[in-house]
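Spelled out, the chains give:
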Amino acid sequence: MDQKLSHINAEGNAEMVDVSEKVASTRMAVASGRVLFPTAVFKLLAAQDFLGKKGSIVQTAVIAGIQGVKKTSELIPLCHQLNLSKINIEIIPQNNAFDIQCTVKCNERTGVEMEALTGVTVAALTIYDMCKALSHNIVITEVKLEQKTGGKNDFQR
């Protein structure tokens, strides 16, 4: 196996990948995740049209997820700052859960997988924050990359 970690140099130290020689191309990534609720809590939220004391749970989580995407390079030490061209976050309440999907696009020299994963995670954490007064038995789960295009390798789950 000739694979190696891209963020570790020959001396074993962390370093940011040098992308200066790469050609910019359209990059896209889609990530997903899920926030699970106890049945009684989800029914209560649904009966309130998913509005909490802090406002719309879904819309607040969408905005937080977008902010998370934009701040990824500040949160993940070796991520590059990117000029993003599109962020879309969808949150669908169903089956005692919120299903979250984040799509991120850019025209850059490196991909946006970490941005998409961060968007899902921050949206999920925001949902948890807004609902924790009703129960701490809320589970954030199944955060994963679904798809990426652009760069050397495409990926589809």
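Please refer to the structure higher up on the page.
The notes below deal with the structure included here. None of these values were measured; they are calculated from a predicted model.

The rules behind the values
- Residues numbered from 1 in each chain as written.
- Predicted model: local features only at pLDDT ≥ 70, side-chain atom pairs only at ≥ 80, totals over all residues.
- Heavy atoms only, no water.
- Helix = DSSP H or I, 4+ residues; strand = E, 2+ residues; numbered from the N terminus.
- Buried < 20%, exposed > 50% of the residue type's maximum accessible area, 1.4 Å probe, protein only.
- Contact = heavy atoms within 4.5 Å.
- Areas by Shrake-Rupley, 256 points an atom, 1.4 Å probe, with all protein chains shown as cover.
- Lys, Arg positive; Asp, Glu negative; His and termini not counted.
- Charge placed at Lys NZ, Arg CZ, Asp CG, Glu CD.
- Polar contact = N/O pair within 3.5 Å; in protein donor to acceptor, adjacent residues only side chain to side chain.
- Expected span 1.5 Å × (residues − 1).

With that out of the way, let us pick up the overall build of the protein. A tally of regular secondary structure across the protein gives 4 helices and 7 strands. Reading the helices (α) and strands (β) of the protein from amino to carboxyl end gives β-α-β-β-α-α-β-β-α-β-β. Seen through its principal axes, the protein has C-alpha atoms that stretch 55 × 30 × 25 Å. When each of the 157 residues of the protein is scored for burial, the buried share is 39%. Sequence separation of 24 or more characterises 70% of the internal contacts of the protein that already satisfy a separation of 6 or more. Counting every atom, the protein has about 9,400 Å² of accessible surface; 51% of that belongs to carbon and sulfur. Averaged over its 17 positive side-chain charges, the protein has a centre that lies 6 Å from the centre of its 16 negative ones.

For Phe50, which is not glycine, the phi torsion reads 60° and is therefore positive. Tracing the backbone shows Phe50 in the loop between α1 (39–47) and β2 (51–52). Here Asn96, not a glycine, exhibits a phi torsion of approximately 60°, which is positive. You can see Asn96 is positioned in the loop between β4 (84–94) and β5 (97–108).

By the element assignment, Ser135 lies in the loop between α4 (113–131) and β6 (139–149). Its relative accessible area of 14% is what places Ser135 among the buried residues. Of the polar contacts made by the side chain of Ser135, one reaches the backbone nitrogen of Asn137; its length is 2.9 Å. Non-local contacts of Ser135, meaning those with residues more than four positions away in its chain, are made with Pro38 and Val41.

Next up on the list: α4. With 19 residues, α4 should cover 27 Å at 1.5 Å per step; its first-to-last C-alpha distance of 27 Å lies within 8% of that length. When α4 is considered as a whole, its buried residues turn out to be Glu115, Ala116, Leu117, Thr118, Gly119, Val120, Ala123, Ala124, Thr126, Ile127, Met130 and Cys131.

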